[in-house]
Amino acid sequence: MAQILWFENYQLADAPLLGGKNTALGTLLGAGLPVPPGFAVSADCYRKALADGGIGGQLDALIEAADPHDPASVAAAGARARALVGSLVIEAGLAGAIRAAYAQLCERSGDGDVPVAVRSSATCEDQPDASFAGEHDTYLWVRGADSVVGHVLRCWASLFTDRGIAYRLERGYGRASVAMSVGVQQMVRPRAAGVAFTLNPLNGDRSQIAIDASWGFGEAVVSGEVTPDNFLVDKVMGTITRRTISAKTLEYKLTDSDAVTAVPVDADRQSVPCLTDDEIQAVARLARRAEKHYRCPQDVEWALDGPAGDVVLLQSRPETVWSRRPRSAAACTADPITSMVQTLLRPTHRLPEGGC
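Definitions and cut-offs
Residues numbered from 1 in each chain as written. Predicted model: local features only at pLDDT ≥ 70, side-chain atom pairs only at ≥ 80, totals over all residues. Heavy atoms only, no water. Helix = DSSP H or I, 4+ residues; strand = E, 2+ residues; numbered from the N terminus. Buried < 20%, exposed > 50% of the residue type's maximum accessible area, 1.4 Å probe, protein only. Contact = heavy atoms within 4.5 Å. Areas by Shrake-Rupley, 256 points an atom, 1.4 Å probe, with all protein chains shown as cover. Pairing = 2+ DSSP bridges. Axes fitted to C-alpha atoms, helices over the stretch in contact; angles between N-to-C directions. Core = buried A, V, L, I, M, F, W, Y, C linked by side-chain atoms within 4.5 Å. Phe/Tyr/Trp six-rings, centres within 6.5 Å; stacked < 30°, edge-to-face > 60°. pLDDT = per-residue confidence, 0-100.

## Some words on the overall build of the protein chain
Counting secondary structure elements, the protein chain contains ten helices and 13 strands. For the protein chain, with 356 residues in total, the buried portion stands at 51%. For the protein chain, restricting intrachain contacts to residue pairs at least 6 apart in sequence, the fraction spanning at least 24 positions comes to 70%. Within the structure as shown, the protein chain displays about 15600 Å² of accessible surface, and the carbon and sulfur contribution to it stands at 54%.

In structure tokens form, the structure reads like this:
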């Protein structure tokens, strides 16, 4: 059984072992897109741990008895399921393989204690009909081999968050068919981050790219804790056709205690655009490349990495709202000539000097 799979070595046959998130990271790297390096712990490791621990039947019974329309029922099932999974001991061979892979990532980065994100990647997530976005846990700025091993177990347990259980039951995903892979990925320390949709999520217009951005790590945007800046970019011309600058009062950043924490944004930065025009267009170009590779609209997570502000992709999944609706001329101007004409008739809105 392959326990550790490096993103850079991803093959299509690995997809059932990696889950949606890790499969996307391997696919993006293979397509030549900038993705921070890392590796995945196979979903088969999770399956084996459940079998060795003899808890698979108990988990099945808990989930089958849960009523997705009764929050108390789901919460009780989730708490018991997470406790069962959390009581497992990662066997020595797998723990050693995780430690060795982390040591290799440290060596590659030139940092003997490199900080990583430990990310859940369920085998049912990021499907065309169900994204599971935010249903399972991600842990940021994890350092040290022992800590990485411990957080793999926590990601396994997060397959049974209350939201995850309810969503799977509503979507018809049985527990026996679902497993958890875990990604371990070198951290970036972004000045700004966010999401990008390769269509306009307000009306489904596929000639536009919509970018949400805020200061610091992207968790504030993904969780909805902050109203981000929003930019619309014409997909063909690359011009910025709309800007909405919001008061961004909160950001996730690395603190002196070596933890990623939500802190207030300084007053002088709250209503300032968090991206330059060049950065907006760089995000749009990478989102467009992801869409071209997958050949369908994408929901992309991105960040500006390091002092140079290079854009890296942290995730790309199918857009699941407008993509399932019939395309119409009123809602979607997809041909390049129409898009260029609309851009010429609708001049780019620019901010006044020093204002928003």
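## Thoughts on unusual backbone geometry
Negative phi is the rule for most residues except glycine; trans is the rule for most peptide bonds. For Trp141, which is not glycine, the phi torsion reads 55° and is therefore positive. Here Trp141 shows up in strand β4 (residues 138–142). Even without a glycine there, the phi angle at Arg295 is positive, about 65°. Along the polypeptide, Arg295 turns up in the loop between α9 (277–294) and β12 (298–305).

## Here's the deal with the pairing of strand β6 (residues 192–197)
β6 sits mainly inside the fold: six of its six residues count as buried. On β6, burial covers both faces: Ala192, Gly194 and Ala196 on one face and Ala193, Val195 and Phe197 on the other are all buried. Pairing geometry for β6 and strand β7 (residues 208–215), over six bridges, is antiparallel. Within β7, the residue paired with Phe197 across the bridge is Ala210. Sheet topology note: the β6/β12 ladder contains five bridges and is antiparallel. Each bridged residue has a counterpart across the sheet, and for Val195 the counterpart in β12 is Glu301.

## Quick word on helix α7 (residues 162–171)
Along an α-helix, residues three or four positions apart point the same way, because every turn accommodates 3.6 residues. Taken residue by residue, α7 has Gly164, Ile165, Ala166, Tyr167 and Arg168 as its buried positions. Where the residues of α7 are buried, they touch α3 (56–65) and α4 (71–86). A positive phi of about 80° marks Gly172, the residue just after α7.

## Description of the environment of Ala79
Relative to the helices and strands, Ala79 resides in helix α4. Residues Ala79 and Phe160, spaced 81 residues apart in sequence, show a C-alpha to C-alpha distance of 7.9 Å.

## As for the sheet that holds β7
Read across the sheet, six strands follow the order β9-β8-β7-β6-β12-β13 without closing on themselves; strand pairing throughout is antiparallel. Each having just a single partner strand, β9 (240–244) and β13 (310–318) make up the two edges of the open sheet. Shown here is a sheet whose adjacent strand axes are inclined to one another by a mean of 20°, direction ignored. Across the sheet, α9 lies against β6, β7, β8 (229–234), β9, β12 and β13, angled at about 140° from β12, the strand it touches most.

## Some remarks on the sheet that holds β4
If you trace the five strands from one edge of the open sheet to the other, you get β1-β2-β5-β3-β4, paired in antiparallel fashion. Of all the strands in the sheet, the pair left with one neighbour each is β1 (4–6) and β4. The mean inter-strand angle of the sheet, taken between neighbouring strand axes irrespective of direction, is 20°. Contacting β1, β2 (38–41), β3 (116–122) and β5 (180–186), helix α1 (residues 15–30) crosses the sheet at an angle of about 130° to β3.

## Details of the nonpolar core
Among the nonpolar cores identified, the biggest contains 47 residues, and Val116, Trp156 and Phe160 are the most heavily contacted of them. Other than its neighbours up to four places away in sequence, Val116 contacts Tyr102, Leu105, Tyr139, Leu140, Trp141, Val142, Val148, Val184, Gln185, Gln186 and Met187. Within the second largest apolar cluster, 34 residues are counted, among which are Tyr10, Leu25, Ile240 and Leu286.

## Things to note about the environment of Arg285
Among the secondary structure elements, Arg285 is positioned in helix α9. Take Arg285: its relative accessible area is 54%, and that puts it in the exposed class. Along the backbone, Arg285 and Lys235 are 50 residues apart, and their C-alpha atoms lie at a distance of 8.4 Å.

## Observations regarding the packing of aromatic side chains
The final tally for this structure, using the stated rule, is three aromatic pairs. An angle of 75° between the planes, with centres 5.9 Å apart, marks the rings of Tyr46 and Trp156 as edge-to-face. Separated by 110 residues along the polypeptide, Tyr46 in helix α2 (residues 43–53) and Trp156 in helix α6 (residues 145–157) bring together distant segments of the chain. Exposure remark for Tyr46: the relative accessible area of 1% places this residue in the buried category. With relative accessibility at 1%, the residue Trp156 sits in the buried group. Taking 6.4 Å as the distance between ring centres and 85° as the angle between the ring planes, the aromatic pair formed by Trp141 and Phe217 counts as edge-to-face.

## Regarding the confidence of the model for the protein chain
Within the protein chain, residue pLDDT values average 88, and 86% of them lie at 70 or more. Low pLDDT (under 50) marks residues 328–356, which in the prediction has 37 contacts with non-local residues, meaning those over four places away or in another chain.

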